[in-house]
Amino acid sequence: MEVLSASQSREADRLAIETRGIPSSVLMENAAKGVVESLRRNVPDLAKKKVAVVVGKGNNGGDGRIAARLLEGAVREARIVEVSNVGAYGHTPLRDADIVVDALFGTGLSRPVEGEVKAAIEAINRSGAWVLSIDIPSGLSADTGEALGAAVKADVTVTMGRPKTGLLQSQAAPYVGRLEVADIGIPSDIYEGMKGSESWVTAADVAPWFHKREGDSHKGTYGHVLLIGGSEDKPGAILLSGRAALRTGTGLATVALPDKAFRKFPKNFLELMFVPLPSHRSGTLAKTAWTKLLKAAEGKKAVAIGPGLGVNADTKALVKNAVLKLDAPLVLDADALNALSVADLKKRKHPAILTPHPGEMSRLTGLSTAKIQKDRLGVARDFAVANRVVLVLKGFRTVTATPMGKVFVNSTGNPGMATAGMGDVLTGVITSLIAQGLEPERAAVAGVYLHGRAGDRVAERL
């Protein structure tokens with residue numbers, strides 16, 4: 001799904017109206033229907049709720065007015081609150097509203113909010129109500145994701161037609177909440193004509209890459225992966241990667257780890273195969289393990305290295321050898337990223353996949369984590385192109401960037417996934433998908449999506 005700038009979004013509206021004959025009133029009606037449908041999905045017992053729709057003067061306010069009309073009879077009360085009257089409902093503005101619909105500003109805001117508009121935004125944030133923003137939280141820049149003076153903190157943002165660039169930036173996270181995209185009836189070819197380098201990844205994008213398994217298939221059909229890592233002090237990380245690879249569907253998974261770690265690992269990983277290797281005195285892999293590692297990599301459809309690996313001269317030598325000498329698709333994570341010489345990446349015949357979190361990305365680029373987080377899409381794209389890699393920059397709205405400069409922003413995942421071992425699992429997922437036949441770029445995009453969707457399913461249940 002294409003990601004649009006504010007100007008592209010307005011141009012899409014214009015083209016739909018002027019070249020396709022779609023009345024603006026129809027687009028607004030469809031937008032309001034998307035808002036009401038979102039409320040029905042997200043709010044239990046909606047019929048018992050009082051809804052206040054806070055409206056401004058532009059098209060966003062028009063969407064809000066129509067939504068209020070559509071809500072009549074479907075909720076306990078639906079009232080329109082003009083921006084100048086936000087404080088008119090008692091000492092605490094909007095105090096008796098269960099739900100506030102923010103329809104103050106759309107994507108056209110370009111300067112800091114002030115006066116009664118700023119006061120209205122602050123009142124919405126103080127209200128304690130559940131908040132839905134139409135198109136973009138009011139006060140947020142549609143292009144940068146920065147709050148312009150003040151911005152509404154929404155529980156859900158229903159954006160119209162296509163996601164806006166600013167909504168996907170990490171600085172927008174406290175304001176956007178759950179991002180949903182509503183179809184307002186603009187023909188898809190209009191958006192395709194504006195296609196840039198950034199895409200919002202949904203189930204509809206990923207699903208066509210997967211096919212039903214044939215009845216006469218067997219474990220060899222789905223590839224064999226090699227996962228290298230672990231240490232005496234951290235044996236669990238690479239085991240999580242191995243189990244994740246099998247859970248994701250690869251036929252066979254072999255874990256190569258130090259013999260000192262092998263003696264300590266839990267004995268309930270019976271479905272994995274193991275290659276115990278010489279240990280460094282610190283309990284990590286010794287550089288003398290390389291010959292056996294090279295042998296273990298023979299015939300493997302994909303190789304991952306890094307989880308629990310540790311960083312010292314020996315592991316740095318092993319990572320360098322893996323980058324320069326392994327022809328199989330290679331996933332680099334965790335300590336492999338910390339042991340990596342970036343200059344070696346461009347020497348590979350095929351692009352490696354790197355999966356850093358912001359701290360690891362800081363080491364790879366020399367940029368501060370703050371600068372990386374402020375421009376995650378741009379930093380990821382620049383690094384992927386410059387070093388000819390597929391880069392998965394983990395975190396809120398995980399970004400996957402390709403050597404050709406394409407950027408895919410993930411739509412799944414939740415804060416419950418901020419826990420130890422989650423990245424190790426993702427490494428196993430991506431490696432498994434490569435072994436099953438997906439191209440590395442698609443394996444990265446799909447792996448991130450499925451990993452986040454699995455986390456979302458857990459969150460829904462628990």
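Report on the accompanying structure. What you see is a predicted model; the values in this text were computed from it and never measured.

Here helix H11 (residues 313-325) contains 13 residues, and its C-alpha end-to-end distance of 18 Å stays within 8% of the 18 Å for a straight helix at 1.5 Å per residue. Those residues of H11 that fall on the buried side of the exposure criterion are Asp314, Thr315, Leu318, Val319, Asn321, Ala322 and Val323. Contacts made by the buried residues of H11 are with helix H10 (290-296), strand S11 (302-305), strand S12 (330-332) and helix H12 (335-338). Where H11 begins, the side chain of asparagine 312 points an oxygen toward the backbone nitrogen of aspartate 314, at a separation of 3.0 Å.

A few words now on the nonpolar core. Core analysis: the largest hydrophobic core is formed by 56 residues, its most contacted members being Ile305, Leu332, Leu345, Leu354 and Leu391. In terms of residues, this core owes the most to one element, helix H15 (residues 376-387), which gives five residues. Sequence-distant contacts of leucine 391, defined by excluding residues within four places in its chain, comprise Leu354, Pro356, Met361, Ala380, Phe383, Ala384, Val399, Thr400 and Ala401. Ala245, Phe265, Val392 and Val429 belong to the second largest nonpolar core, which has 37 residues in total.

With that settled, consider the pattern of salt bridges. One pass over the full model with this rule turns up 20 salt bridges. With a closest N to O distance of 3.3 Å, lysine 234 and aspartate 335 form a salt bridge. Of this pair, lysine 234 sits in the loop between strand S8 (224-228) and helix H8 (236-247) while aspartate 335 sits in helix H12, and the two are 101 residues apart along the sequence. The exposure class of lysine 234 is partly exposed, given its relative accessible area of 41%. The class of aspartate 335 is buried, set by a relative accessible area of 12%. Members of the salt-bridge network, linked through shared partners, are Glu11, Arg14 and Glu18.

So, on to the sheet that holds S11. Within the open sheet, the 10 strands sit side by side as S7-S16-S15-S14-S13-S12-S11-S8-S9-S10. Their pairing is mixed. Every other strand in the sheet has two partners, leaving strand S7 (198-201) and strand S10 (273-277) as the edge strands with one partner each. Both strand S15 (residues 399-401) and strand S16 (residues 407-410) contribute to a ladder of three bridges, which runs antiparallel. Considered in S16, the bridge of alanine 401 is made with valine 407. Strands in contact with H15 are S7, strand S13 (353-354), strand S14 (390-393), S15 and S16; relative to S15, the strand with the most contacts, it is inclined by about 30°.

Attention shifts here to the side chain of asparagine 60. Within the secondary structure, asparagine 60 sits in helix H3 (residues 59-71). At 3.4 Å, the side chain of asparagine 60 and the backbone nitrogen of leucine 104 are in polar contact. Residues within four places of asparagine 60 in sequence aside, it is in contact with Asp102, Ala103, Leu104, Phe105, Gly106, Ile134 and Asp135.

This part takes up unusual backbone geometry. You will see that alanine 334, though not glycine, has its phi angle at about 50°, which is positive. Relative to the helices and strands, alanine 334 is located in the loop between S12 and H12. Using a relative accessible area of 14% as the deciding quantity, one classes alanine 334 as buried. The phi angle at arginine 388 is positive, at roughly 55°, despite the residue not being glycine. The topology assignment puts arginine 388 in the loop between H15 and S14. The exposure class assigned to arginine 388 is partly exposed, which follows from its relative accessible area of 29%.

Here we come to the side chain of arginine 376. Mapped onto the elements, arginine 376 comes out in helix H15. Of the side chains with opposite charge, aspartate 375 lies nearest to the buried arginine 376, which makes no salt bridge, at 9.1 Å. Aside from chain neighbours lying at most four places away, what touches arginine 376 is Gln169, Ser170, Pro358, Leu393, Lys394, Gly395, Phe396, Arg397, Thr398 and Val399.

Calculation rules
Residues numbered from 1 in each chain as written. Predicted model: local features only at pLDDT ≥ 70, side-chain atom pairs only at ≥ 80, totals over all residues. Heavy atoms only, no water. Helix = DSSP H or I, 4+ residues; strand = E, 2+ residues; numbered from the N terminus. Expected span 1.5 Å × (residues − 1). Buried < 20%, exposed > 50% of the residue type's maximum accessible area, 1.4 Å probe, protein only. Contact = heavy atoms within 4.5 Å. Polar contact = N/O pair within 3.5 Å; in protein donor to acceptor, adjacent residues only side chain to side chain. Core = buried A, V, L, I, M, F, W, Y, C linked by side-chain atoms within 4.5 Å. Salt bridge = Lys/Arg side-chain N within 4 Å of Asp/Glu carboxyl O. Pairing = 2+ DSSP bridges. Axes fitted to C-alpha atoms, helices over the stretch in contact; angles between N-to-C directions. Lys, Arg positive; Asp, Glu negative; His and termini not counted.

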